[in-house]
Amino acid sequence: IYIFKALKNAKIKLKLFLHAADTVWSSGTFYDQDGDGIKNFFIGSDISANKYLNPVTHNGGYINSIRTVPDQITQKKYNFRDQKVLDWQTYFDQTVYASPIIADVLPSEGSELISGTGCYFSKNGQKSGRYKAILNLKSGKLLKTLNIEQCSSGQVAVADLDADGDLDIVATSNDGDDDGNGSVVAFDPVNGTQFWITSVSWGAAGSVGPVTGDLDGNGSQEVIIADGNSTLILDGTNGGRLYEFIAGSTVSSPVIADIDGDSKPELVILGKNKLFVKTNFTNNLDSTPTSQPAYLISTSKFRMNEANTGVFGE
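Residues numbered from 1 in each chain as written. Predicted model: local features only at pLDDT ≥ 70, side-chain atom pairs only at ≥ 80, totals over all residues. Heavy atoms only, no water.

A cluster of nonpolar residues, Tyr-2, Phe-4 and Ile-12, forms a patch on the protein surface that exposes about 350 Å² of accessible area. Mapped onto the elements, Ile-12 comes out in strand S2 (residues 12-18). (Patch = residues over 30% accessible without salt bridge, like charges linked within 9 Å, V, L, I, M, F, W, Y side chains within 5 Å. Areas by Shrake-Rupley, 256 points an atom, 1.4 Å probe, with all protein chains shown as cover. Salt bridge = Lys/Arg side-chain N within 4 Å of Asp/Glu carboxyl O. Helix = DSSP H or I, 4+ residues; strand = E, 2+ residues; numbered from the N terminus.)

Here it is, written out as structure tokens:
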């Protein structure tokens with residue numbers, strides 16, 4: 001894991017390097033976890049079993065909280081599990097593919113970190129990793145596990161889907177194969193329960209994160225996913241299908257943005273060899289109205305927002 005310092009004239013300089021001992025799949029997120037004015041770097045990583053390390057490692061992955069100003073500031077390179085640069089490192093029984101998202105989804109905790117896992121490792125002949133995890137930002141303690149029936153390696157989206165004033169979590173899942181069946185799941189993170197689940201036909205949905213926003217201007221949040229062959233718009237209140245666009249080979253997250261400056265969002269979709277922009281959703285989706293502000297965009301893209309920070313509200 002490399003962290004660079006940005007210099008003038010588009011140049012960079014190595015600030016620190018942490019040996020992760022295995023593959024790093026996820027993007028990272030910077031966030032000031034304790035209010036000291038210094039941002040930590042949060043990122044997922046992979047690990048394989050190694051009996052020669054002390055302590056030994058097991059198949060799985062980590063979420064790492066890395067100090068960007070280490071205790072020994074003159075040192076630039078740090079070994080695996082070096083506590084001089086790690087505030088915490090939380091182990092999971094699966095590799096961590098998903099990029100961490102930071103949002104306030106639980107009461108009395110401040111902001112939390114939400115991440116998913118992969119489905120690479122198996123236990124007793126079956127693939128594990130069927131959950132999303134909510135962690136305490138300061139300690140890395142597991143606060144809640146959101147169980148899913150299928151593998152869920154993609155990044156989550158957060159939005160107030162039921163208009164109760166609290167953020168909900170939307171995740172995608174699949175059966176472990178990109179050509180199998182998938183689903184989209186909405187969670188109430190406080191009680192850890194699913195309040196809707198919608199099946200999709202292509203398993204690629206499990207590795208591509210959803211986006212959320214009010215496309216039609218009636219106050220409710222729509223959930224948009226790419227499922228491998230098409231882009232689906234779902235009713236955020238109940239998971240009902242509102243619209244499907246066949247774009248072919250849609251395996252990246254869509255983007256919601258006001259491209260033409262009319263204060264109404266457009267939907268940008270990357271299909272097979274083509275880029276599509278869909279507009280004029282007002283009064284055309286028949287979604288369930290709520291009392292929330294019209295055309296609000298909660299999760300505009302992969303990495304949460306236009307600033308690409310991975311932090312809700314920035």
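Assignment of secondary structure puts Thr-290 in the loop between strand S24 (275-278) and strand S25 (297-299). Residues Thr-290 and Arg-130, 160 residues apart in the sequence, show an inter-C-alpha distance of 31 Å. If sequence neighbours within four positions are ignored, Thr-290 has contacts with Ala-163, Asn-218, Gly-219, Ser-220 and Thr-237. (Contact = heavy atoms within 4.5 Å.)

A cluster of basic residues, Lys-5, Lys-13, Lys-15 and Lys-76, forms a positive patch at the surface. In this structure, Lys-15 sits in strand S2. (Lys, Arg positive; Asp, Glu negative; His and termini not counted. Charge placed at Lys NZ, Arg CZ, Asp CG, Glu CD.)

Taken together, the side chains of Asp-104, Asp-162, Asp-164 and Asp-166 present a region of like negative charge at the surface. Position of Asp-104 among the secondary structure elements: in the loop between strand S8 (101-103) and strand S9 (112-116). Look at Asp-104 and you get partly exposed, because its relative accessible area is 43%. (Buried < 20%, exposed > 50% of the residue type's maximum accessible area, 1.4 Å probe, protein only.)

Burial analysis of strand S23 (residues 266-270) places four of its five residues in the buried class, which makes it a mostly covered element. Note: strand S22 (residues 255-257) against S23, three bridges, orientation antiparallel. Residue pairing across strands places Ala-257 opposite Glu-266, the latter belonging to S23. Pairing of S23 with S24, which is carried by four bridges, proceeds in the antiparallel orientation. Within the sheet, the bridge partner assigned to Leu-270 lies in S24 and is Leu-275. Turn length for the S23-S24 hairpin, with the two strands adjacent in sequence and antiparallel, is four residues, and the turn residue Asn-273 shows positive phi of about 65°. (Pairing = 2+ DSSP bridges.)

Once that is clear, we can look at the packing of aromatic side chains. Applying the stated criterion across every chain, the model contains 11 aromatic pairs. Measuring from ring centre to ring centre gives 6.4 Å for Phe-92 and Tyr-131, while their planes differ by 35°; the resulting arrangement is tilted. Of the two residues, Phe-92 sits in strand S7 (residues 86-92) while Tyr-131 sits in strand S12 (residues 131-136), which places them 39 residues apart along the sequence. Take Phe-92 and Tyr-131: they sit in the same class, and that class is buried. (Phe/Tyr/Trp six-rings, centres within 6.5 Å; stacked < 30°, edge-to-face > 60°.)

Once that is clear, we can look at the sheet that holds S22. For sheets, the rule is that strands pair by backbone hydrogen bonds, running either parallel or antiparallel. Read from one edge to the other, the open sheet built from three strands follows the order S22-S23-S24, with strand pairing classed as antiparallel. Two strands close off the open sheet at either side, each with one partner strand: S22 and S24. In this sheet, neighbouring strand axes are inclined to one another by 25° on average, regardless of whether the strands run parallel or antiparallel. (Axes fitted to C-alpha atoms, helices over the stretch in contact; angles between N-to-C directions.)

Shape is all these values report; function is a separate question.
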